[in-house]
Amino acid sequence: MGKKKDTFFNMVISLLVITVVSGFLLGYVNDLTMAPKAKARLQKKVNALKIVLPKFDNNPVENVKRVKSEKVKDSIEIYTAYANKNKVGIAVTGSSEKGFNGLVKLMIGFKPNGDIQDIQILDQKETPGLGTKMTKEKFLKQFRGKNPSTYKLKVKKDGGDIDALTGATISSRAFAESVQIAYDEFVKTIDSI
Amino acid sequence: MVSKINQKENFIKGIVKENPTFVLLLGMCPTLGVTTSAFNGFGMGVATLFVLVMSNIVVSLVKNQIPSKVRIPAFIIIIATFVTVVEMVLEAFVPFLYEQLGIFIPLIVVNCIILGRAEAFASKNDVFSSIIDAFGMGLGFVIALTILGATRELLGNGSVFDFKLTSENANTFIIFILPPGAFIALAYLTVIFNKLTSKITG
Amino acid sequence: MSNPPIIISASPHIHSEESLKKIMYDVVIALVPAFLVSLYVFGINAFIVAAVAVVSCLLFEYLIQKYLLKTNITIWDGSALITGILLAFNLPSGLPIWMVIVGSLFAIGVVKMSFGGLGFNIFNPALAARVFLLISFPVQMTMWPTAVVNNTQLIDGVTGATTLGIIKEGLMYGDTMTDLSSKIPSTLDMLLGITGGSIGEISALALLIGGAYLLYKRVISWYIPIIMLATITIMTGVFWLINPEQYANPLIQLLSGGAILGAFYMATDLVTSPITKKGMIVFAIGIGVITVVIRLFGAYPEGVSFAILIMNAFVPLINTYFKPRRFGSEIKSKIL
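The following paragraphs examine the structure supplied in this document. Model, not experiment: these values are computed from the prediction.

Parameters and conventions
- Residues numbered from 1 in each chain as written.
- Chains lettered and ligands numbered in written order.
- Predicted model: local features only at pLDDT ≥ 70, side-chain atom pairs only at ≥ 80, totals over all residues.
- Heavy atoms only, no water.
- Contact = heavy atoms within 4.5 Å.
- Buried area = accessible area lost by both parts, 1.4 Å probe.
- Salt bridge = Lys/Arg side-chain N within 4 Å of Asp/Glu carboxyl O.
- Polar contact = N/O pair within 3.5 Å; in protein donor to acceptor, adjacent residues only side chain to side chain.
- Helix = DSSP H or I, 4+ residues; strand = E, 2+ residues; numbered from the N terminus.
- Nonpolar A, V, L, I, M, F, W, Y, C, P; charged D, E, K, R; others polar.
- Buried < 20%, exposed > 50% of the residue type's maximum accessible area, 1.4 Å probe, protein only.
- Phe/Tyr/Trp six-rings, centres within 6.5 Å; stacked < 30°, edge-to-face > 60°.

1. Observations regarding the interface of chain A and chain B
Taken together, the contact pairs 27 residues of chain A with 26 residues of chain B. Here chain A meets chain B over a buried area of about 2400 Å², counting both sides, of which 69% is carbon and sulfur. Run the count over chain A and chain B and you get two salt bridges. In this structure, the salt-bridge partner of glutamate 91 of chain B is lysine 37 of chain A, at a minimum N-O distance of 3.9 Å. Seen at the junction of chain A and chain B, the total is two residue pairs in polar contact (both at pLDDT 80 or more). When residues of the side of chain A that touches chain B are assigned to their parent elements, the largest contribution, 17 residues, is made by helix H1 (residues 8-52) of chain A. Along the lines of polarity and charge, the residues of the side of chain A that touches chain B split into 10 nonpolar, eight polar and nine charged.

2. Topic: the interface of chain C and chain A
Across the contact, seven residues belong to chain C and 11 residues belong to chain A. In this assembly, chain C packs against chain A so that about 850 Å² is buried in total across both faces, 68% of it on carbon and sulfur atoms. Summed over the shared surface of chain C and chain A, the number is zero salt bridges. Counting across the chain C and chain A interface gives zero residue pairs in polar contact (both at pLDDT 80 or more). Looking at the side of chain C that touches chain A, the elements that each hand over two or more residues are helix H6 (138-141) and helix H7 (163-173) of chain C. Ranked by the residues each element gives to the side of chain C that touches chain A, the list is headed by H7 of chain C, at three residues.

3. Re the side chain of serine 198 of chain C
Residues and elements named next belong to chain C. Along the chain, serine 198 falls in the loop between helix H9 (187-192) and helix H10 (204-216). Residue classification places serine 198 among the buried residues on the basis of a relative accessible area of 0%. A polar contact of 3.4 Å, which involves the side chain of serine 198, links it to the backbone oxygen of asparagine 90. Once you skip the residues sitting within four places of it in the chain, serine 198 turns out to touch Phe42, Phe89, Asn90, Leu91, Pro92, Arg130 and Trp144.

4. Observations regarding the pattern of salt bridges
What the rule picks out here adds up to 12 salt bridges over all chains. The residue arginine 71 of chain B makes a salt bridge to glutamate 119 of chain B at a minimum N-O spacing of 2.8 Å. Here glutamate 119 of chain B lies in helix H6 (residues 112-122) and arginine 71 of chain B lies in helix H4 (residues 71-93), a separation of 48 residues in the sequence. Linked by salt bridges that have partners in common, Lys37 and Arg41 of chain A together with Glu91 of chain B make up one network.

5. Some words on the environment of threonine 176 of chain C
Residues and elements named next belong to chain C. Take threonine 176: it is sitting in the loop between H7 and helix H8 (177-180). With a relative accessible area of 22%, threonine 176 lands in the partly exposed category. Taking the C-alpha atoms as reference, threonine 176 lies 8.5 Å from tyrosine 247; in sequence the two are 71 residues apart. If we ignore the near neighbours within four places in the chain, the residues touching threonine 176 are Glu245 and Gln246.

6. Observations concerning the packing of aromatic side chains
In the structure shown here, the tally under the stated rule is 21 aromatic pairs over all chains. Ring centres of phenylalanine 106 of chain C and phenylalanine 132 of chain C lie 4.0 Å apart, and the angle between their planes is 10°; on these two criteria the pair is classed as stacked. Separated by 26 residues along the polypeptide, phenylalanine 106 of chain C in helix H4 (residues 97-112) and phenylalanine 132 of chain C in helix H5 (residues 125-136) bring together distant segments of the chain. A residue is classified by how much of its surface remains accessible, and phenylalanine 106 of chain C, at 10% relative accessible area, is buried. On the basis of relative accessible area, phenylalanine 132 of chain C is assigned to the buried category, the value being 5%. Relative to phenylalanine 297 of chain C, the ring of tyrosine 247 of chain C has its centre 6.5 Å away and its plane inclined at 70°; by these criteria the two rings are edge-to-face. A residue pair is termed long-range when its members are at least 10 positions apart, and tyrosine 247 of chain C in the loop between helix H11 (223-242) and helix H12 (250-255) and phenylalanine 297 of chain C in helix H14 (residues 277-297) qualify at 50 residues. Overall, the relative accessible area of 19% leaves tyrosine 247 of chain C in the buried class. What links up through ring pairs into an aromatic cluster is the set Phe173 and Phe176 of chain B together with Trp98, Phe106, Phe132 and Phe137 of chain C.

Here it is as structure tokens:
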């Protein structure tokens, strides 16, 4: 077998064949992975919900409620969880643009009486070693079981109840603000759901 | 072209004498970008290994059908196809790794190791040798990235493969999981690797 | 291995051991006033950090030369001593001792010896080590013990932010300079050193006295420090005139942080600064501009160390473009 000559016809044909074959292959793989991809994306949300909410048996992702707020760029998402037809908890996303490097986005799970069940960090770009410590247990545990109607969601420096992260007051403030936004939305919607 | 290549040597060279990372210093973009943990390094290595093997097979199969003037675009399309396959499969089945590697998966296309092997080896040799070559080079890359990732994770996060070796509040060298640490770690690992291999190979 | 009769090396060309040593010890003398102020303000901790930094720098240089490189031991040329002192000057006095030792190892092992030792290092070892520590241990590296006059206690309990830190955080939170004026130290305190900060950077006056000594002894030329400080003054002055509520005035900018320490002792490092007058001017302006940009718009409150390191990287390029004039340079092109 000798090498194909560099004629215009040969070049066009060989590239055409390669691109067509590659196109069909990609289409085929795309079809194969379409369903698992969607499932994986859903699973990620469900996993976050499972952590922040009490045990539930419905699919909160199905009837998510999206609320527009001037405080938040994208809409606030509200997930309601039921167990045996009883409302057991509501998860609300809250975010703040006032983090040290911009967006801090959280998912906060509330019990129906307003107590914070748990918090998951969905997105943050804070300084490693300072602001990123908001993902650590030591910082998060001070929120659990607290009810924001009595627990002031502000860092102690600003007259609130939150122990700020060492050297990361700005990140802590953004975190507190996100929780506050979520709580405000929770109060607004708790009766309507 | 009948294979007269010593296949054992062909395989070993990618790991030791022509290690793509520590000796040839090729494919620096994923090497520096994703090795923040041992698992990420390993995952990127395996993804690259897959693309390398597949593209070497296809390139060596079609090498005589492609006019030499358009061989580079042809190789790139072949490589890009497999990279896209890897991307879709990772997103579907290993979403965690997909998120971690992010933009660096599509960038496998421009990893010079892959185009380099297609151009320098697969387009001149038979399929079997090309597969051996791809596995050698790919494994060399996997090993290098895993070592680099493990080193950075250990120094920067106090863990290896997410297995915590230090206490939760221990002070680790955060710089090593940030970009500057990648350069520092790579430089010293390259020194150590070459020192060790020069002792072995003489 | 026998030494070749003629040793050719990159700059600085060391003419004789004696003059190099003399320069080094002049620098040490110039640093004494600032060190005394920090002893007075931070107490024994400042001494401990400085002693550990100096001893470990000397020790690491000795160990690396003796066992890794197997070359002549040059720890008494004064360069490792100065690296140790300058490193300590750039650290907060409450830093854990092991971090000081790690910083020394980085300064000597990575920044100096890996590039070939004195005369070959691209970056200022003390500053590079400071940045390494700052990024690795941001919490400990930004815990500034508050200044207590005549501090004799071993442990300082209270920590506070630096002047620049207070300004940065306050402005990000929405305060104006008028709101912040009560929180930051007075100009006189900043001049004398009654303020939070790294061991060696607090007293502008003491640093200026040392700087004047270096200028008098002609260890450094005035180009780098004066032009760098002038650039900072002019740039921050323009911003301050545009909006005095959002930008601190040039006096605060000059007296706070590491501006003066950096200008006289770090940027003027013979190995990592340009060799010609024009080169020095470009170098100094670059440092000033980058410092101001980081301070006013960056994430970190202070940018002097980053600015000097960035410009260090440009020194080979600057040296290429601003070569000293050679005799017969008119016919250079013909020869080539």
